[in-house]
Structure formats: C-alpha cells, structure tokens
There are 2 protein chains.
Amino acid sequence: MKNGISLKELAARLKLAPSTVSRALNDSYEISEATKKKVISMAEKLNYQPNPFARSLRENKSKSIAVIIPERINNFFAQVIDGIESITSEHGYHLLVYSTHEDVEKEKKIVSLLQNGRADAIVMSVSSQTNDISHLKNLYERGLPILFFDRVCAEIPTTKFITNDYESAFEGTKHLLQQGCKRIAFLMLSMELSITRERHRGYLDALKNAGIEPESRLSICCSHQDAENIQLITELLNSKSRPDGILASVEKLALSTYHAVKKTDLSIPDDLKVISFSNMSIPNLLNPSLTTITQPAEAIGQECAKILIKKLTKPRQPDLPNEVISLPSKLTIRESTLVR
Amino acid sequence: MKNGISLKELAARLKLAPSTVSRALNDSYEISEATKKKVISMAEKLNYQPNPFARSLRENKSKSIAVIIPERINNFFAQVIDGIESITSEHGYHLLVYSTHEDVEKEKKIVSLLQNGRADAIVMSVSSQTNDISHLKNLYERGLPILFFDRVCAEIPTTKFITNDYESAFEGTKHLLQQGCKRIAFLMLSMELSITRERHRGYLDALKNAGIEPESRLSICCSHQDAENIQLITELLNSKSRPDGILASVEKLALSTYHAVKKTDLSIPDDLKVISFSNMSIPNLLNPSLTTITQPAEAIGQECAKILIKKLTKPRQPDLPNEVISLPSKLTIRESTLVR
DNA sequence: AAAATATTCGAAAACGATTTCGTATTTAAA
DNA sequence: TTTAAATACGAAATCGTTTTCGAATATTTT
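The rules behind these values
- Residues numbered from 1 in each chain as written.
- Chains lettered and ligands numbered in written order.
- Predicted model: local features only at pLDDT ≥ 70, side-chain atom pairs only at ≥ 80, totals over all residues.
- Heavy atoms only, no water.
- Pairing = 2+ DSSP bridges.
- Helix = DSSP H or I, 4+ residues; strand = E, 2+ residues; numbered from the N terminus.
- Axes fitted to C-alpha atoms, helices over the stretch in contact; angles between N-to-C directions.
- Contact = heavy atoms within 4.5 Å.
- Domains from an automatic or database assignment.
- Buried area = accessible area lost by both parts, 1.4 Å probe.
- Salt bridge = Lys/Arg side-chain N within 4 Å of Asp/Glu carboxyl O.
- Polar contact = N/O pair within 3.5 Å; in protein donor to acceptor, adjacent residues only side chain to side chain.
- Parallel < 35°, antiparallel > 145°, perpendicular 65-115°, else oblique.
- Left-handed = near helix turned anticlockwise from the far one by under 90°.
- Nonpolar A, V, L, I, M, F, W, Y, C, P; charged D, E, K, R; others polar.
- Expected span 1.5 Å × (residues − 1).
- Buried < 20%, exposed > 50% of the residue type's maximum accessible area, 1.4 Å probe, protein only.

## Description of the sheet that holds strand β7 (residues 219-221) of chain A
Residues and elements named next belong to chain A.
Part 1 of the reasoning: Taken together, six strands build an open sheet; the order of strands is β7-β6-β8-β9-β10-β12 and the sheet is mixed. Of all strands in the sheet, those bounded by a partner on one side alone are β7 and β12 (330-332). Taken pair by pair, the neighbouring strands of this sheet meet at an average axis angle of 15 degrees, ignoring direction.
Part 2 of the reasoning: With three bridges joining them, strand β10 (residues 291-294) and β12 adopt antiparallel strand pairing. Looking at β12, one finds that Ile-293 is bridged to Leu-331.
Part 3 of the reasoning: Along the sheet, helix α8 (residues 165-178) contacts β6 (184-188), β8 (245-248), β9 (273-277) and β10; its crossing angle with β9, the most-contacted strand, is approximately 170 degrees.

What follows is the structure, given as structure tokens:
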C-alpha cells in the first residue's frame, strides 16, 4: 500500500518550505494569494492527501466518533446511527461503531480501547447488563465527551437524549385500558435499564390512575434468549389468571409475544391486546398489525450529533451539560389493540 | 481531554530510555526479563495506553477496517458487520462503518476519504447506482486491500464473497413453478447490481428449463422509493395479465409486494405466491409467513474478516486472490408459496 | 530618507511512538 | 589471559503534520 505524496515532497516540488505549504493549504493569512494558488493547484495535480495520523498526533484529535450500541440487528439503533452520520459526515468526522451484544464485559473492553484518544467522543446506549458503571465513570473523568441516548446512565453527569418514556408507557397502558383490558402485563429486559424503569413507572401509574392495583406477577423480566422468552410468555398466557393486554417495553418482546400466542389457542386482539415500543419498518405487515410506540430515532441521532459537533468544533466549549433531553415518541394504533 | 501518560514520561519514571521501554512493552529479545517485568508493572500501575496515532504514523497502519454498505436499516448488512466484528475485534482492529444510502456520489466521497490510509482495508457492498467504478479502481490501484461481498464489482480483481445467487434464484423459481405458478415476475432494484444479474439469470433459466418463455414485461426494475414500488406493483397486480408468482430479489421488494397486495383484492398465496431473498428476523410473523431465501450473512462477514486478517497480520502476504467464494443460501418454505 | 510596520516565508521544534545504529558490560571461546 | 560473541541498553532518526519563532523583503509612516 503506497500512500500518496507527503507534504514535504509537495513542498520540494514547489521549491517551498513545508511550513509554507501547510499554511497555504490551511488558508493562513500569512501566505500570499499567489502562492496559495500555486500550492493548491499543485496539490490537486498530485492528488495530495494529508496523512490523518500525523495530523491527529499533532492536533490531538482523531476526527472520529465512537458509537457503542447493544445490538446491530435492530432498526432503532440503525436509524440512530444514520441520524448521527448525517450530521457528523458533513463535518469530516468518521464513525467507529461497536456492538456490545448486550454484554457488559464486552462493553468494558470496548470502552477501555477508547481511553487512548482514538475517538474524540462517545455516543452510546448501555448494555442491559450494565449496573457497574465504573468503566464509564473512568472515561468521563478522563474528560472524554460522552453522550447517552435511549439507555442512559444517570450517574454520569452529561447530556442524555431519550424519548418521553414515562409518558409513552403511560399513554400506551391507558390505551390498553380504554380498549377494555383488565389485566395488563409489562414485559421488560432488565430492571437496570433506564428505559425499563421509566416505562415501568409509566405503566404502573397508568394502572393506579385507573384504580387498578398492579400485580407484581405481571411485571415480567425476560432474557436475551428469544426461545426462553417465548416459553415464558407462553406459560404466562396459559396460566389461569392470564393477562388480556401486554405492553412490551422493547420490540423483541412483542415479537416473542406474537410467537407465543401462536403456540396457544388465543388470538390477538380478541383475547390479548398488544402494544410495543418499536421502530420496526413493517408493523403493519404483522398479523395482526402491531400498535406501536415509535421513537424518533433518526432525530435522536441527529440531535446527539449536533450537540457533539458543537462541542468538538467550536473553541472553548463548556462540558456537555448534565441534562436529559426528551424527544416525543409517537403512538400508532393498529389492529393488535383493536376492539371488535 | 487529558490523554494519559506518554512513553517518554513512563521512561522517565523508570529512569530508562524510551527505546528501552518501548522494546520492553513489545517483548523484544533485547531486553532482560528483569527490566521487562519492571516496565510492565509500572505501565500497568500508571495505566499507560500507547497513542494509536503515533503508532499508526510510525508503522503506517491504522488498525482499522472500513466497512461500506448501501444501507444500515437492513438485517442482512447488520449481520454481516456482526460477523466481521466478531473476527476483527479479536485482532485489535476497529471498524469504521459508512453507509452510502444507495447513492454513488456518497460512495465516491466515502471512498475518497479512504485514500489516505485511515483504514488498512475496505470491505464493501456497492450501491445499486454504481456503474462507473473508477473510484474503486483508483483505490485498488493504490494497493489498498478491497474485499467485496454480496453486491460485488467484477471489474476489480480481488476476493468476493457471495451466496449462490444463480442457484438460489433458480431453485426459488423452480419452487414457484412446482407450486403451480404460470406467470412469475422478477422484482429487482437495478440491473447494474451483480446480485440482480445473477439472480435474474437463475430466474430466466428456471423458466426456460420448464419450457416457459420469459416475458420481459415481468422482469421489473424498481426504485428506492417504497411508495413508488408499491404503486408499480399494485398496477402490475391489477393488470389483466397479472403474475401469479413473484420472486423478489431483495427483501424490501417483497415487503412492497405485501403492501401492494393489501391494496388489491388478491390474496397470498391463493392468487399470488411470493418468495424473496431476505434476512429479516421474523418472516414467520408476516401474514402469510414469507418463503425466503436466506443468506448466511454472519458467516459471510466472518469469512471476509478472516481472509482480511490473514492478509493484514501475516508478513509478506500476496494480494487478495481474484476469486469469487460462494456460501450457499437456505430456502425456507412458508405459507406465502403454499398450495391450498 | 530614516524608521516603523506589514507582508511573506523558512528553520526547527513538537506530537508519541518504533527502529536503526552504536556502545558498554558480561559471558564464552581460544 | 586475550579475544570473540552475546547481552542489555541508550541516543537519535523517523513517520507527516502543525506551529512557534525568526527573519528578510516590501510597504507605509514620520
């Protein structure tokens, strides 16, 4: 792999000093327009490409941003990254993307790889196993800008982008109640997750608000094994005091519910109504079509990127403010919560 | 952002020369075991993290691999990247991920950003608009290892990983014929794409093999606008000589077909049988469940990564061989092609 | 015309690692 | 005991930029 021409060689061709060429290319006021033109045209002619590592070393910036997500096979995260990229690419930033596969140990490894300046900032959504956050605190204290979205980490005083989890879950539960549900179950991944806590609160409050005493048996913590979850939900649906409504706090649990229902002689929405947080592209092609609470994923990504770009490109910016910014989700009612 | 301690500072603490410390950490034979121990323990104590850019500059490697895909919101590509990451992360490589959004101009921009050594290699699947490949040829000629998967570029003499597109399409079409289809349509994105050409060949040959003369009207080139495609397919289904079977060469066109069917009074599979290349996670939750040809996406990613790691880590490796490696897809028959 | 100020550029240091070359001390061979 | 070879480390160059400092020439001011 032959790298192209270097600044020094370019300077030699021009019979100029490297410093002059560097300044000319960076449009410094110290260089006359005449030489600037000469330098630029020669640079283009020889297809000069500055070495990013020399520049990074000198300037102590990497021009890249690390994005850490719990899983790739998930439209929500894909959309967020699209949103991030749409902003950052305009400013010459590159995206290093890592998946933790919902594994804290992997998350720690990834984070430790980012201690050395390889990325100028981190945008992340924590894994569902993450309760010990020392690795994140460590990174934060080194001064590396971190920004959370969706699954945030309250203990780190930085900016977080979420959706209105509480209200959305509240509204979703209310919708189920309005459709006649009496016993609503809440499906979640891990109680450690910020989103499940918030969504669970919304669920509980909606029940209480309707004068219904929540049954703890109906708040169900699932795993990452789809097969296990399907089994668990199937048993739930076959139990004598089965729920007649389900709020899935993440998409995959709604899908497991659909699979589980197939193994019973129940049907959606007649025997069981289902609503789910989901960013899948085809909720209306499911049978029945799925009522969803959809996050503005791409916008979340864009907002993350905007605040980050500001922090990284403008001089003397303060630390990312310790605040939680909420972008509202959208409830779309479909057949899975229909009364007929 | 305070970067950690440098090698020089570490050396000072140890009252050793930087060169010695460097060698000790790299386990050089020139350094005694005693000093190695001292150096390593001190490095751990002070949490020394080598600066990746100094190293990259000196060694002329980036330790990162660029992955270019046409879209993120697509399980197939997500799975491939998971596969790549599973191998490369073990070897200390980082993944720079770019999406072209099916836009050649974006693809060219991304590729031009990769001319300066920021990545040690490229793994990519070309955009559906890509017919002029000068930007890729350029990169190849600079000696940067490029590796294609799925949507390959025949003109670049390097290794390509695909699935058995021809055979899969042949078998898929044969299956439709066996289920009684008489007029089978082929849905594709762009004739420029290697996968559509191969899959189309398989489709045509299967028809001819069954003594059916292919109608060019039934080979339909779609766009990237889902709404347009749904409209197009709806019109097709409403035409007097409508097809009774559809082979979708990519997943999104099968989904558009499902949407289109909803707008007619036809039903799948009774009036129209559908089969599609697809890596979606829930083909069996569609209504009706979708018969799919599924690529071994993660394995493709892993194989790409393995050959690349070999090329990048072993000394004096030859160029990536100019060969096409095929990993077989799997046909899974579901309701959408059922006879009842 | 002399002095002060712009204007334009070059030399060299710096970023933080690796590596070539050189050298002092030990150890082994003659 | 002398010589040769092995061992263990240091000094300095190097990768390709940017930037500080310095200086020469040109321009303006007094």
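## What to know about the sheet that holds strand β10 (residues 291-294) of chain B
Residues and elements named next belong to chain B.
Part 1 of the reasoning: Pairing within the open sheet is mixed, and its six strands lie in the order β7-β6-β8-β9-β10-β12. Edge positions in the sheet fall to β7 (219-221) and β12 (330-332), since each of these pairs with one other strand and no more. The mean inter-strand angle of the sheet, taken between neighbouring strand axes irrespective of direction, is 15 degrees.
Part 2 of the reasoning: Pairing of strand β9 (residues 273-277) with β10, which is carried by three bridges, proceeds in the parallel orientation. In the strand pairing of β10, Ser-276 is matched with Thr-292.
Part 3 of the reasoning: Together, β6 (184-188), β8 (245-248) and β9 form the strand contacts of helix α11 (residues 251-262), whose direction differs from that of β9 by roughly 155 degrees.

## Some thoughts on the domain arrangement of chain A
Part 1 of the reasoning: For chain A, the domain assignment lists domain 1 (7-50), domain 2 (59-162 + 297-328) and domain 3 (165-295 + 331-337).
Part 2 of the reasoning: Computed over C-alpha atoms only, the centres of domain 1 of chain A and domain 2 of chain A are separated by 36 Å.

## Quick notes on the interface of chain A and chain B
Part 1 of the reasoning: Facing the 51 residues of chain A at the interface are 51 residues of chain B.
Part 2 of the reasoning: Both faces combined, the contact of chain A with chain B buries some 5200 Å², and carbon together with sulfur accounts for 55% of it.
Part 3 of the reasoning: Here chain A is connected to chain B by four salt bridges.
Part 4 of the reasoning: The tally of links between chain A and chain B comes to 23 residue pairs in polar contact (both at pLDDT 80 or more).
Part 5 of the reasoning: Looking at the side of chain A that touches chain B, the elements that each hand over two or more residues are α4 (52-59), α5 (75-88), β2 (94-99), α6 (104-113) and α11 (251-262) of chain A.

## Some details on the packing of helix α10 (residues 226-238) of chain A against α11(A)
All names here are of chain A.
Part 1 of the reasoning: Between α10 and α11, the shortest axis-to-axis distance is 8 Å and the interhelical angle comes to 60 degrees. Put simply, α10 runs oblique to α11. Considering only the axes of α10 and α11, their crossing is right-handed. For the pair α10 and α11, contact is made by Asp-226, Asn-229, Ile-230, Ile-233, Thr-234 and Leu-237 and by Lys-252, Leu-253, Ser-256, Thr-257, His-259, Ala-260 and Val-261, respectively.
Part 2 of the reasoning: Split into classes, the residues belonging to the contact of α10 with α11 amount to six nonpolar, five polar and two charged.

## Comments concerning helix α5 (residues 75-88) of chain B
All names here are of chain B.
Part 1 of the reasoning: In this model α5 runs 20 Å from its N-terminal to its C-terminal C-alpha over 14 residues, within 8% of the 20 Å that 1.5 Å per residue would give.
Part 2 of the reasoning: In terms of residue burial, α5 counts as a mostly covered element, since 13 of its 14 residues are buried.
Part 3 of the reasoning: Capping the start of α5, Asn-74 holds a side-chain oxygen 2.8 Å from the backbone nitrogen of Phe-76, two or three residues further along.

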